[in-house]
Amino acid sequence: MTHDLRRALAPRTVVVVGSKKADGYMWLRNYSTFTGNVYSVQIDPNEIPGIEALGVQNFTSLADVPGDIDYVMLAVPRQVAPRILADCAKRGVGGVSLFTSGFAETGEEEGIKLQQQLLEIAREGNVALIGPNCMGLYNRRLGVRQSGEQGAGEAGDAGFIGQSGTHSINFGLVGEAHGVRVSTSVSIGNAIILDVPDYLDYLTDDPETKVIAMYIEGVKDGSRFVESLRRATAKKPVVVWKGGVTDAGARATASHTGSLAAPRAVFDAIVRQAGAVPAHSLEDTIDVVKALLYAKPATGRRMGLMAMTGGQSVVITDAFVDAGLEVPRLTDASYEQLRSFFNIVGGSYQNPLDMGGTIGFGGSRETLGRLFDILDADVNIDAIAMEMASGFLARMWQSTPASLDTLLDAIDAHRNRSAKPFVAVLQPQHVEEVVVAARKRIQERGIAVFPSFERAAAALNRAIAVHRFRAGMD
Amino acid sequence: MAPSSIVERARAEGRTILTEIEAKQLLEQAGVPVSPARLATTKDAAIAAASELGFPIVLKIVSPQITHKTDVGGVALGLASAGDVGAAFDRIIASAKEHAPAATIEGVAVQRMEKAGTEVIIGMTKDAQFGPVLMFGLGGVLVEVLKDVAFRVVPINERDARQMVEEIKGYPILQGYRGQAPADLGKLHDLLLRVSSFVEEHPEIAELDLNPVFAYSDGAIAVDARVVIEGKA
């Protein structure tokens, strides 16, 4: 049975069942930013005053809650969960997240039995059940959160599906700290009714979501997953972070092919075949999403590299070439222009452009602009990466904040004119606290910035692979 | 024999592994380029088949019980004439009877000895979640030790076939390494696509190995084939 998730995942009325002091009224606090109505259902008279003190209206029965209920967060003891779920079915709610754990994931008889009851009630009542054993929905625009630390307000661009509550929360938190904000994210728990393809289909059609990322450990219905993934990648980029990829489960079979087809190899193949991008960690997932959101789409792999010193020029080249990108010579026309003004004392312009001596460490906006224009016009170059020289410049950015703005203005002027993707590398160096502040200012401009050459290259390379796939090139 | 009757016969005999001759018959009917093999039960039939296929010839013992054919002296390579084929037929039958007296000997497979090409492997296995999965890799040591292989779920399209070939680390070898003629990549892609269709049309096949496949500058051919069928219908 398919469910329309629009009510559940973009709710106007939310009810928390079972909020209590012992968990700090966690769910009510998580929903304190919610733009719609939040109600509580709690029968324990000892808990009610604390709930009302939060300014939330409490009812002792779901039946008493006024109006339509779009989304329910159930945080009740597991033995009670089936009964409350049946109440939800009776009320015709839009969807239910079951935070409670202790079901089939325990492997014990009682938990398995209770999960079976949930399954039957949800099926019979056609309830869009999220979980159990999950952190539910994060809708940034509406302020429905999985954690009180997550941001709320303006809608983000990145949809997320997480088979882990921790990774779901962290994608929201760490992502936002790195410039990637969530549109809609769902922590899916045991996924007994709604599963990855249901959420994937929703995010595929969600206009706020520009890129979809997911953390998954296993797939229940392989062909449905592949079908849903293909449909998604036809509309927007999808990044798949697969947990549990060791080859320990490789089976012994009668054929060569069987023994070589470890689950990881097969899964990676499926991801590629469907036109999605594999990622390997939280940071890696955020990096790739960032490159997809903030670097312009390109299908070519030829990099124009810009660094401030000779040593950085060498290693930025190594990193991009190792990631599978190319660093070609520029056109003769470019060299002719560069020859006229580029300072080759302690610098060079073969590609990379070792440009510290040319633009000056204060970062002459005009000269930097000329370099950008040359790379932008150069037909041998598809994408541009620039080292920000934080090791030399961070102290100046700290003492004279306008100096960073001058640099960023030059970058923005280039980005506004150019169709080529641009990525910046801001290394932590020895001044991490300054760099963190600078990173925020760079991200606020919508620039894809990465903490190392390797991460920038790996992310950009996969973003380009997505664009190539979508263009029918690879 | 029709594809269904090949599988039915194997099942009736309690086998899940097809003989090389059966496997190649199935593949040949599906348009997969295989080096053809003929079953000969007499010396004269072996000589006739050899003359039809063209020399040099390889003979291999055919017995459901004998899986490691060389261990029982059941293989003869590079037979250049009718006389050689006749003598090798007698030698192989005698040797197999001596080393494996309990085995049922159905005859001898007569096969053309294909000229060596770049060895690749094409295979299929079934994933519990995703169903049939195709594999491509370079043959011999590279597949065994380095596991330098690429996978795609069935069915594959042309892009998948191309990517499978390009994805392996040994791809430069197929592109023509150090003056060696490049392999006919189009024929390899075509072979992968045909195997994909073959697998789709035969859900009763559990596993498949074409190993080796010889890749030439003007074609590709599966020299050996192993097909495992599902235990029950």
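Residues numbered from 1 in each chain as written. Chains lettered and ligands numbered in written order. Predicted model: local features only at pLDDT ≥ 70, side-chain atom pairs only at ≥ 80, totals over all residues.

Within chain A, the secondary structure is distributed over 19 helices and 17 strands. Taken along its principal axes, the extent of the C-alpha atoms in chain A is 80 × 65 × 35 Å. For chain A, the proportion of its 474 residues judged to be buried stands at 53%. Taking the contacts inside chain A whose residues are at least 6 apart along the sequence as the reference set, 73% of them involve residues at least 24 apart. (Helix = DSSP H or I, 4+ residues; strand = E, 2+ residues; numbered from the N terminus. Buried ≥ 20, exposed ≤ 12 C-beta atoms within 10 Å, placed from the backbone. Contact = placed C-beta atoms within 7 Å.)

Along its length, chain B carries eight helices and ten strands. Relative to its length of 233 residues, chain B is compact, with a C-alpha radius of gyration of 18 Å against a globular reference of 17 Å. Overall, chain B is about 50 × 50 × 30 Å in size when its C-alpha atoms are taken along their principal axes. Buried residues in chain B amount to 45% of all 233 residues. In chain B, once contacts between residues fewer than 6 apart in sequence are set aside, the share between residues at least 24 apart is 61%. (Rg over C-alpha atoms; globule rule 2.2 N^0.38 Å.)

All names here are of chain A. Between helix H4 (residues 81–91) and helix H5 (residues 109–125), whose axes approach to 9 Å, the crossing angle comes to 5°. If you check the angle between H4 and H5, you find them roughly parallel. Across the interface between the two elements, Ala81, Pro82, Leu85, Ala86 and Ala89 of H4 pack against Leu114, Gln117, Leu118, Ile121, Ala122 and Gly125 of H5. Its residues assigned to classes, the contact of H4 with H5 shows nine nonpolar, two polar and no charged. (Axes fitted to C-alpha atoms, helices over the stretch in contact; angles between N-to-C directions. Parallel < 35°, antiparallel > 145°, perpendicular 65-115°, else oblique. Nonpolar A, V, L, I, M, F, W, Y, C, P; charged D, E, K, R; others polar.)

As a further point, take the environment of Pro207(A). Residue and element names in this part refer to chain A. For proline 207, the location among the structural elements is in the loop between helix H7 (196–205) and strand S10 (211–216). Owing to 7 C-beta atoms within 10 Å, proline 207 belongs among the exposed residues under this scheme. Residues proline 207 and aspartate 157 lie 50 residues apart in sequence; the distance between their C-alpha atoms is 9.2 Å.

With 18 residues of chain A at the interface, the matching set in chain B holds 23 residues. Secondary-structure elements contributing two or more residues to the side of chain A that touches chain B are helix H8 (222–235), helix H9 (256–260) and helix H10 (263–273) of chain A. With five residues, the top contributor of residues to the side of chain A that touches chain B is H10(A). Of the residues belonging to the side of chain A that touches chain B, the class tally is nine nonpolar, eight polar and one charged.

What follows deals with the environment of Ala23(B). Residues and elements named next belong to chain B. By the secondary structure assignment, alanine 23 is in helix H2 (residues 20–29). Distance in space between the C-alpha atoms of alanine 23 and arginine 226 is 6.3 Å, their sequence separation being 203 residues. If sequence neighbours within four positions are ignored, alanine 23 has contacts with Leu18, Ala225, Arg226 and Val227.

Below, the discussion takes up the nonpolar core. The tendency in soluble globular proteins is for nonpolar side chains to be buried side by side. Core analysis: the largest hydrophobic core is formed by 211 residues, its most contacted members being Leu74(A), Leu129(A), Val239(A), Phe136(B) and Val213(B). The element that contributes the greatest number of residues to this core is helix H19 (residues 453–470) of chain A, accounting for eleven residues. Ignoring anything within four residues of it in the chain, the contact list for Val213(B) reads Val120(B), Ile121(B), Ile122(B), Leu191(B), Ala220(B), Ile221(B), Ala222(B) and Val223(B). Ranked by size, the runner-up nonpolar core spans 22 residues in total, among them Ile21(B), Val62(B), Val85(B) and Ala96(B). (Core = buried A, V, L, I, M, F, W, Y, C linked by C-beta atoms within 7 Å.)

A common way to report how large an interface is uses the accessible area buried once the components associate. Residues and elements named next belong to chain B. Here chain B is partitioned into domain 1 (3–112) and domain 2 (118–229). Taken together, the contact between domain 1 and domain 2 spans 17 residues of the former and 16 residues of the latter. A total of five residues in the side of domain 1 that touches domain 2 trace back to one element, the largest contributor, which is H2. (Domains from an automatic or database assignment.)

Our focus in this paragraph is the sheet that holds strand S2 (residues 57–62) of chain B. All names here are of chain B. What the four strands build is an open sheet, ordered S1-S4-S2-S3; its pairing is antiparallel. Edge positions in the open sheet fall to strand S1 (37–40) and strand S3 (75–79), since each of these has one partner strand only. Between one strand axis and the next, the sheet turns by 25° as a mean value, whatever way the strands run. Bridge count between S2 and S3: three bridges; the pairing is antiparallel. Among the inter-strand pairings, leucine 59 is bridged to a residue of S3, identified as alanine 76. Here H2 sits on the sheet and contacts S1, S2 and strand S4 (107–112); the angle it forms with S1, its principal contact strand, is near 140°. (Pairing = 2+ DSSP bridges.)

Let us now look at the sheet that holds strand S15 (residues 383–387) of chain A. Spatial ordering of the open sheet is given by S14-S13-S15-S16-S17 (chain A), a layout of five strands whose pairing is parallel. Since the sheet does not close on itself, it has two edges, and those belong to strand S14 (353–354) and strand S17 (448–450) of chain A, each with one partner.

This brings us to unusual backbone geometry. Look at the link from Gly131(A) to Pro132(A): it is a cis peptide, with omega at 5°. Mapped onto the elements of the fold, Pro132(A) is located in the loop between strand S6 (129–130) and strand S7 (136–139). Each neighbour pair has its own omega, and for Asn211(B) with Pro212(B) the value is 5°, a cis peptide bond. Positionally, Pro212(B) belongs in strand S8 (residues 205–216). Non-glycine residue Ala389(A) carries a positive phi angle of around 55°. One can find Ala389(A) in the loop between S15 and helix H16 (390–399). Residue Ala389(A) is classed as buried on the basis of its C-beta count, with 22 C-beta atoms lying within 10 Å.

All names here are of chain B. Summary statistics for chain B give a mean pLDDT of 92 and a share of 99% for residues scoring 70 or more. Model confidence for chain B, summarised as mean pLDDT per element, is weakest for helix H5 (residues 141–146) at 75 and strongest for helix H8 (residues 185–201) at 97. Complex prediction metrics read pTM 0.89 and ipTM 0.79. (pLDDT = per-residue confidence, 0-100.)

Our focus in this paragraph is the domain arrangement of chain A. All names here are of chain A. Examined at the domain level, chain A breaks down into domain 1 (1–133), domain 2 (134–294) and domain 3 (297–470). Here domain 2 and domain 3 have C-alpha centroids that lie 30 Å from each other. In this complex, domain 2 contributes ten residues to the contact, which on the side of domain 3 involves 16 residues. With six residues, the top contributor of residues to the side of domain 2 that touches domain 3 is helix H11 (residues 282–294). Its residues assigned to classes, the side of domain 2 that touches domain 3 comprises six nonpolar, two polar and two charged.

All names here are of chain B. Looking at helix H3 (residues 43–53), one finds that the buried residues are Ala46, Ile47, Ala49 and Ala50. For H3, the angular spread of buried residues about the axis comes to 165°, placing them on one side. Turned more than 90 degrees away from the buried face of H3, the exposed residues are Asp44 and Glu52. Where H3 terminates, the next one or two residues include glycine 54, which has phi positive at roughly 100°. (Arc of directions from axis to C-beta.)

Residues and elements named next belong to chain A. Among the structural elements, glutamate 47 can be located in the loop between strand S2 (37–41) and helix H3 (48–53). With eleven residues separating them in the primary sequence, glutamate 47 and asparagine 58 have C-alpha atoms 10.0 Å apart. In contact with glutamate 47, not counting residues within four places along its chain, are Lys20, Lys21 and Gln42.

All names here are of chain A. Interhelical geometry of H16 versus helix H18 (residues 432–444) gives an angle of 75° and a closest axis separation of 9 Å. Overall, the two elements H16 and H18 adopt an arrangement that is roughly perpendicular. Taking contact as the criterion, the partners of Ser390, Ala394, Arg395, Trp397 and Gln398 in H16 are, on H18, Val434, Val435 and Ala438. Here the contact of H16 with H18 is composed, by residue class, of five nonpolar, two polar and one charged.

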